[in-house]
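Each chain, letter by letter, is given below.
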Amino acid sequence: MNILVTGGLGYIGSHTCVKLIEAGYTPIIIDNLYNSKKSVLKRIEKITGQLPLFYYGDIQDKPFLDTIFKKHSISSVIHFAGLKAVGESVTKPLEYYENNVYGSICLAQVMRDNQVNNIIFSSSATVYGEKNATPYIETMQTGNVTNPYGWSKYMVEQIYVDLHTSQPTWSISLLRYFNPVGAHPSGLMGEDPQGIPNNLMPYIAQVAIGKREKLSVYGNDYPTKDGTGVRDYIHVEDLAKGHVAALNNINQSGVHIYNLGAGIGNSVLEVLAAYEKACHKKLPYQIVNRRAGDIAAFWADASKAQRELNWQTECSLDDMAKDSWNWQITNPNGYPDE
């Protein structure tokens, strides 16, 4: 069964392609290599024994997309492709709306034209905004988002909901991620941020390897267990399995919304301590001012995914740190260029 995976060479997309192959699916990857590298393909092959079919191109290029749908019998789409840095989205809002919103519209139009009605969309917990109480539940009102990245995810969700309203035969799964971290246990695949990492654990990893002098902790006066921000961290392996679970349930028409998170919160200092345990050394950090728009704490209620998809996380915070460190020391400069 052919599954089109947009952004399939990215961090989450590549791990999901491994799980798809292991589950008996055939991923067909589209990626424009904006924030990924072609050498990921060989890593997928090394882990699974299967080299996925890869097309270099952009989802905004509808003729390009159409040729792929015409050439292959595609049953479903898993849509990862998009820009994802919150801070960058504030400085480049037009690029984020063009890539994330317009690109998602182009993809849906080509799917519609080729009678492919099953899609799993890579969304985000940012759609819950600032005003909802923790834990976040799928039935909560979304919106009140604080940045263009979050708004782009919110907009695509709404567009896809409206698409289903107009054409009820569609099956649309909106997967709201929390904070993906970690790496494949083999050390062959992991997160390879270009430039300064935007997320906590990759930044800690670069401090541990000696690329960064120290970690900046944004605020220690939040109403949390140790004063630092609390987030729901999920191992990328668990997250990838969540996509396979959603795909196994894709033939039921409707809009299906699932939180993919661990269902517990960990503070910045707890994540740092787990990483120190993994790399067997103390890591330097400094407390700095809070960042505007940061929320004190949030985590998922992931019980719906457990109930309907038979999915739940299996990896601990220690597993996340251990696998991240294994990837970092094995690949200090990330994936090779190709």
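This write-up is about the structure you can find in this document. (Residues numbered from 1 in each chain as written. Predicted model: local features only at pLDDT ≥ 70, side-chain atom pairs only at ≥ 80, totals over all residues. Heavy atoms only, no water.)

**Observations concerning the overall build of the chain**
Line of reasoning, step 1. Assigned secondary structure in the chain consists of 11 helices and 13 strands.
Line of reasoning, step 2. Buried positions account for 54% of the 338 residues belonging to the chain.
Line of reasoning, step 3. Intrachain contacts of the chain at a sequence separation of at least 6 include 79% that bridge at least 24 residues.
Line of reasoning, step 4. Put simply, the chain shows about 14500 Å² of open surface, and 49% of that area lies on carbon and sulfur atoms.
Line of reasoning, step 5. Averaging the coordinates of the 29 positive side-chain charges in the chain and doing the same for the 33 negative ones gives two points 2 Å apart. (Helix = DSSP H or I, 4+ residues; strand = E, 2+ residues; numbered from the N terminus. Buried < 20%, exposed > 50% of the residue type's maximum accessible area, 1.4 Å probe, protein only. Contact = heavy atoms within 4.5 Å. Areas by Shrake-Rupley, 256 points an atom, 1.4 Å probe, with all protein chains shown as cover. Lys, Arg positive; Asp, Glu negative; His and termini not counted. Charge placed at Lys NZ, Arg CZ, Asp CG, Glu CD.)

**A look at the state of the cysteines**
Line of reasoning, step 1. The tally for this structure, following the rule as stated, stands at zero disulfides.
Line of reasoning, step 2. With no disulfide partner, cysteine 279 has as its closest neighbouring cysteine sulfur the one in cysteine 315, 19 Å distant.
Line of reasoning, step 3. A relative accessible area of 8% means that cysteine 279 is categorised as buried. (Disulfide = S-S within 2.5 Å.)

**Regarding the nonpolar core**
Line of reasoning, step 1. Within the largest apolar cluster, 38 residues are counted, with the highest numbers of intra-cluster contacts made by Leu20, Ile44, Leu260 and Trp311.
Line of reasoning, step 2. Elements represented by at least two residues in this core include exactly β1 (2-6), α1 (11-22), α2 (40-48), β6 (171-177), α8 (236-248), β11 (254-260) and α10 (303-309).
Line of reasoning, step 3. In contact with tryptophan 311, other than residues within four places in its own chain, are Ile234, Asp238, Lys241, Gly242, Ala245, Asn259, Leu260, Gly261, Ala302, Ala305 and Gln306.
Line of reasoning, step 4. Core analysis: the next-biggest nonpolar cluster, separate from the first, contains 26 residues, Ile28, Ile68, Phe69 and Val116 among them. (Core = buried A, V, L, I, M, F, W, Y, C linked by side-chain atoms within 4.5 Å.)

**What about the environment of histidine 15?**
Line of reasoning, step 1. Here histidine 15 is to be found in helix α1.
Line of reasoning, step 2. For histidine 15, a relative accessible area of 0% corresponds to the buried category.
Line of reasoning, step 3. Each C-alpha atom of the pair histidine 15 and leucine 283 lies 28 Å from the other, and the pair is 268 residues apart in sequence.
Line of reasoning, step 4. For histidine 15, the residues in contact, after removing those within four places along its chain, are Ala183, His184, Met189, Gly190, Val236, Glu237 and Ala240.
Line of reasoning, step 5. At a separation of 3.2 Å, a polar atom in the side chain of histidine 15 contacts the main-chain amide nitrogen of histidine 184. (Polar contact = N/O pair within 3.5 Å; in protein donor to acceptor, adjacent residues only side chain to side chain.)

**What about the side chain of asparagine 100?**
Line of reasoning, step 1. Examined against the element boundaries, asparagine 100 turns out to sit in helix α5 (residues 93-113).
Line of reasoning, step 2. The contacts of asparagine 100, once residues within four sequence positions are left out, are Gly82, Leu83, Tyr149, Ser152 and Val156.

**Quick word on helix α3 (residues 62-71)**
Line of reasoning, step 1. Taken residue by residue, α3 has Phe64, Leu65, Ile68 and Phe69 as its buried positions. In a view along the axis of α3, the buried residues occupy a sector of 135 degrees, so they form one face of it. Turned more than 90 degrees from where α3 packs its buried face, Pro63, Lys70 and Lys71 sit exposed.
Line of reasoning, step 2. Looking at the buried positions of α3, the neighbouring elements they touch are β1, β2 (26-31), β3 (53-56), β4 (74-79) and α5.
Line of reasoning, step 3. Of the residues flanking the start of α3, the one acting as N-cap is aspartate 61, its side-chain oxygen 3.2 Å from the backbone nitrogen of phenylalanine 64. (Arc of directions from axis to C-beta.)

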